Structures are given as C-alpha cells and as structure tokens.
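# Fold and contact review
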Amino acid sequence: MSHIHLWVILLSDETMNLIIKNTLFLYSRQLIVLLMSLYTTRIVVSALGQSDYGLFGAVGGVVLMFTFMTGSLSNATSRFLSYAMGRGKRPDALMEDENYSPSLVFRTSWRIHLYMALCVVVIGAILAQYNWLNIPQERVYACQIVLYIVVFRTVISTLQIPLFALNIANERMDIYALVGLIDAFGNLIVALAIQQAEMDRLVLYAALGLIVNLVVFATLIISCRRFEEFQFRGEVNYILLRQMSKYTVWTLTASLGAALRSNGVVVLVQKYFGSVATAPVVISQKICNSINSFTQNFATASNPQIIKQWAAGNINESHQMVTMASRLTWALLTLLCLPLFLEADFVMQLWLKEECTPEAVLYTRIMLITCMIDAFSFSASAAIQATGHVAKYNFTCSGIIIISVPIAWGLYVMGYPVETAMWCVCGGTALAQIARIIFLRNLTGFRLRKYSSLVLFPCMVQLLIATSIPTALFIYLDKSIISSLLVLGVSDISAFVSGWPFIRPWFRK
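Presented here is a report on the structure given in the accompanying data block.

Thresholds applied
- Residues numbered from 1 in each chain as written.
- Predicted model: local features only at pLDDT ≥ 70, side-chain atom pairs only at ≥ 80, totals over all residues.
- Heavy atoms only, no water.
- Helix = DSSP H or I, 4+ residues; strand = E, 2+ residues; numbered from the N terminus.
- Buried < 20%, exposed > 50% of the residue type's maximum accessible area, 1.4 Å probe, protein only.
- Contact = heavy atoms within 4.5 Å.
- Areas by Shrake-Rupley, 256 points an atom, 1.4 Å probe, with all protein chains shown as cover.
- Core = buried A, V, L, I, M, F, W, Y, C linked by side-chain atoms within 4.5 Å.
- Disulfide = S-S within 2.5 Å.
- Phe/Tyr/Trp six-rings, centres within 6.5 Å; stacked < 30°, edge-to-face > 60°.
- Lys NZ or Arg CZ within 6 Å of the ring centre and 35° of its normal.
- Patch = residues over 30% accessible without salt bridge, like charges linked within 9 Å, V, L, I, M, F, W, Y side chains within 5 Å.
- Salt bridge = Lys/Arg side-chain N within 4 Å of Asp/Glu carboxyl O.
- Axes fitted to C-alpha atoms, helices over the stretch in contact; angles between N-to-C directions.
- Parallel < 35°, antiparallel > 145°, perpendicular 65-115°, else oblique.
- Left-handed = near helix turned anticlockwise from the far one by under 90°.
- Nonpolar A, V, L, I, M, F, W, Y, C, P; charged D, E, K, R; others polar.

Another point: the overall build of the protein chain. The secondary structure content of the protein chain amounts to 18 helices and 0 strands. Within the protein chain, buried positions represent 58% of all 509 residues. Here the analysis covers contacts within the protein chain between residues at least 6 apart in sequence; of these, 86% occur between residues at least 24 apart. Of the roughly 22,000 Å² of accessible surface on the protein chain, a fraction of 66% belongs to carbon and sulfur atoms.

This brings us to the nonpolar core. Within the largest apolar cluster, 127 residues are counted, with the highest numbers of intra-cluster contacts made by Tyr53, Leu163, Ile194, Val281, Ile283, Met348 and Tyr451. Residue contributions to this core peak at 14 residues, all from helix 5 (residues 140-169). Among all residues touching isoleucine 283, those that are not within four sequence positions of it are Val45, Tyr53, Met348, Trp351 and Leu352.

Attention now moves to the state of the cysteines. Per the counting criterion, the structure on display carries 1 disulfide. Here cysteine 288 is linked by a disulfide to cysteine 371, with a sulfur-sulfur distance of 2.3 Å. Across the disulfide from cysteine 288 to cysteine 371, rotation about the S-S bond amounts to roughly 135°, and the bridge is consequently right-handed. With a gap of 83 residues between them, cysteine 288 in helix 10 (residues 275-311) and cysteine 371 in helix 13 (residues 358-373) connect regions that are remote in the sequence. With a relative accessible area of 4%, cysteine 288 lands in the buried category.

For the rest of this paragraph, the subject is the side chain of serine 483. Within the fold, serine 483 resides in helix 18 (residues 481-503). Every residue in contact with serine 483, bar those within four places of it in the chain, is listed here: Glu343, Leu477 and Asp478.

The next thing to look at is the packing of aromatic side chains. Counted according to the given criterion, the structure contains 8 aromatic pairs. Look at tyrosine 393 and phenylalanine 439: their rings are 5.8 Å apart centre to centre, the planes differ by 70°, and that puts the pair in the edge-to-face class. Separated by 46 residues along the polypeptide, tyrosine 393 in helix 15 (residues 391-413) and phenylalanine 439 in helix 16 (residues 420-444) bring together distant segments of the chain. Since its relative accessible area comes to 3%, tyrosine 393 is described here as buried. The rings of Phe106, Trp110 and Phe230 are connected pair by pair, giving a single aromatic cluster. Between the NZ or CZ atom of arginine 365 and the centre of the ring of phenylalanine 341, over which it lies, the distance is 5.8 Å.

Okay, the environment of tyrosine 83 next. Counting through the fold element by element, tyrosine 83 comes out in helix 3 (residues 69-87). On the basis of relative accessibility, which here comes to 15%, the residue tyrosine 83 falls in the buried class. Sequence spacing of tyrosine 83 and proline 304 is 221 residues, and the spatial spacing of their C-alpha atoms is 8.3 Å.

So, about the environment of leucine 338. By the element assignment, leucine 338 lies in helix 11 (residues 315-342). Among the residues examined, leucine 338 registers a relative accessible area of 10% and is labelled buried. Expressed as a C-alpha distance, the spacing of leucine 338 and leucine 368, which sit 30 residues apart in the sequence, is 8.7 Å. In contact with leucine 338, not counting residues within four places along its chain, are Leu333, Ala466, Thr467, Pro470 and Ser491.

The subject of this paragraph is a nonpolar patch on the surface. Taken together, the side chains of Tyr272, Phe273, Trp409 and Val413 define a hydrophobic patch exposed on the protein surface, amounting to about 380 Å² of accessible area. Put simply, the parts of the chain that give the nonpolar patch at least two residues each are helix 9 (252-273) and helix 15. Position of tyrosine 272 relative to the elements: it lies in helix 9. Here tyrosine 272 falls in the partly exposed class, since its relative accessible area comes to 32%.

Contact geometry of helix 11 with helix 17 (residues 448-476) gives a least axis separation of 10 Å together with a crossing angle of 15°. Accordingly, the angle class assigned to the pair helix 11 and helix 17 is roughly parallel. Helix 11 and helix 17 meet at a crossing whose hand is right-handed. Residue composition of the contact of helix 11 with helix 17, grouped by class: 14 nonpolar, 6 polar and 1 charged.

Of all the residues in helix 12 (residues 344-352), the buried ones are Ala344, Phe346, Met348, Trp351 and Leu352. Positive phi appears at lysine 353, one or two residues downstream of helix 12, with a value of about 55°.

Right, dumping it as structure tokens:
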C-alpha cells in the first residue's frame, strides 16, 4: 500500500469531509472572485488610464510595504488560535491553563492589532509629507488624498486580521467565502461607478473602495459574534502577549519579504521608469495574486488541521496533510498556470483589449513561474510554524527573498530593464523554497528523501506530462483564435488528467 493511501486511512472521515467541504466553499468563492476581479481590473484600467492606475498601485504599495508586520500578526493569531484549539484534544492538556485559552488569544491579538493600526496612521502621516515616487506635479495633490484614504483602508484591514483568523481557526470557511464575495461585488460596483464619474476618478476610486472595506469589516464583526472566543473585554495575559510578540518578531522577516516581493518591486519601477511602466507590473502582480489566492484558499482550509494535528501529538497525520496538500496545490496550480502561460498574449488581449501591452504579457509569464515555484511553501510553512521554532527559518528563507530586491535596485541603477526585478524575485523564491524544505526536515522530522519521493518527484513528472502536448501544439500550430482556444482546452485537459492521482485521494468514500 502506498504512503499516500496509508495516510488517507489515518485521517478520520470527519476531518477529510470538513477539509473537502471548506475547500469547495473557498474554491467556489475564489472562482467567482477571480472572474469578477479580472473584469473589474479591466474596467478600472480603462477608466483611470495607464498612468493613474500605475500611480494608485505605487501610492498604495508604499503604505502596504510599511505594514508588513500585519502579515506576521496574522500568522501569529492563526497559529496560536489553531494551536490552542488543537491542544485541548491532547490527553495531557490542561485547559484551565489560561495561556492556551482561545478567547484569551483573541483578546490579546485584538489589542496588538489596535496598536499596529495606530502605527499605520503615524507612518501614513509621515509619508504624506514627501513626494519621492516621481509623481507628476499636477497629480501630487490627488495622490496625497489617495494616500490618506489608503492609510484609513489599511487601518481597517489591520483590524480585520483577528476576525479572519477566528473564522479560519473555527474552520468556518463559508463565512470567509461570503466576505470575499461581498468584497468582490463591492469592487465591481466601484469600478462601474467611476466609469460614469466626472470628478477626479483616482480619488473617487480610493474613496469608494474605503466604503467597501467598511462593509466587509461590519460583516466580519457580525459573523464572529457566534463564537465563544469573540471577547473584547477581559484581562490580557502578558505572558501570552510576550509569546505572541516574540513569535511575531520571528516571523517579521517573512512578512517583510512578501511585502518587498510585491510592493517593493512596484515602488522601484515607479521610481526609475514612471507610472506608465508601473501599470503592466501591477497588472501582472494582480494576476499572480489572483492565482495565488486559489493556493491560499486551500491552505486556509488545510493549514488549521496541520497545526491541530501537530498540537495534538499526531505527527504522522500532520506530515500526511503536508504531503496531500502540497500535491493537490501543485495539481490545481498547473491547471491554472499552464494554459495562461502558453496563451498569455491571447488571454490578456481578450481581457484588457487595447490596454494590453507586450510588457504586461512578459511580466505575467515571469510571475506565473514564480507562483509555481512557490506552490509548496504554504503547507510546509504551516508544519514549520506548528513547531513554534520559526526564528532561523524565517530569517533564512525571507532573507533570501529580501536580498533579491536590493540586487534588483542595484541592477536598475546600472541600466537594466524593468523585468530584471521580477527575475531577481523569481530566483530568490526558488532558493528560499530549497531552504524551506531543509527546515521542514530539521524541525518536523519529515525526511528529505521521503518528501522528495512523495512530493517533489511526482510533481515534476506531472508537470512534464501535462506540458508535452500543449507545448507542441503551441509551437507548431499557426496563430489564430481557433488554435489559441485549442491550446487552452488541451492544456487544461492534460493538466487535469496528469494531476488526477493527486486529486483522487481527497474524494475517497
């Protein structure tokens, strides 16, 4: 009997059914959100124009880059909530120990996020006093207003983190999916509204987006009232506060790396090449983020189980979840990325029409490669975070990614083209993935040979099989609408058939 089939038996039907149900919720939500997001982006780019769309991405990127700590806080909140709930299933767990009370974790997390929101306000007020992004003089005043609005939106987003984490730890992915749909519908309404506006569309776009954020925040507050852990009042345990703060500091470099990988690149391009060159970069990152959302959605459904199984002392089951989740994530990403990579020109012309540029197509293909390299990171990171020993792990993996951005900066100074930064980030992501697998072995006992035989080698074989026929068609067929549709269809069929062995274990009876 194979390792995968043996491990499938180890997981209870209740656990598998819960993960499948949550995954279906999240993927249904993400499919709708992705289609709406692509259509919304097309409307917004057309309404704002390449220059203003690039300016919005750059101005927003500055604020978001300096709020990288929120990512660390999100990881800390999710980890401590899931660990506290999983610890209660251990025979030796002392539930009267307040250090592991889920309600105490939530209260402490909420207090930390309030402090973080105040830091965001201070950072935004300082940044608003300077123009160092090569913004045209006639748009400086509008960009200052947008910056203030983005700061307020970021404050709301920061306060949403413990609310999202509470839903995820309780594995209520239906609420998580509903909130995502509300956000997507709201952004679509905003895009349609600015099309008809006669005032400054850049400012209006930011202001209406703020209203959408407020609606999402109110929905989360209402949804969380059903959980017994949802308590704002009460004492904050300062031992737990120190533990969460320490964990947050350890994971700080991971959030900084993620912020620099996306927003840092946008800011560099804006500074050295201007807003027109920035727009294709923002578009390519939006596509990559939408695709990554599929990966993150499944990680959202499976990661709590990885952490809970580890906290309950079920090491083999935790390793099983890492393996199965990594393989399924790879198969689903291949299903999305392969057809888009081959026919990026056709798809983006269909999507953006006259706003599509050759640069946007090139940048999108580079970002898709980065997405595929990063496919294994979510499940492996969850297992590593479950151990609580994340200091060296985050310092090493994120440090590799962080260094790639200053390298790109230096290459820009030397006159290298726009896509240089994205290639640097892609290379840094690959090196970080190698380091992550080594830490997975050292911290969780998941042997490298087993991980390679169960995850890496099967995934490489699946990719080789999936790409062979579609690539041949793409190379040898004359370019036309029919040939592009054929390549898209064959790519998806090939990816699904070759990836079926990774998908099938999740749907056993």
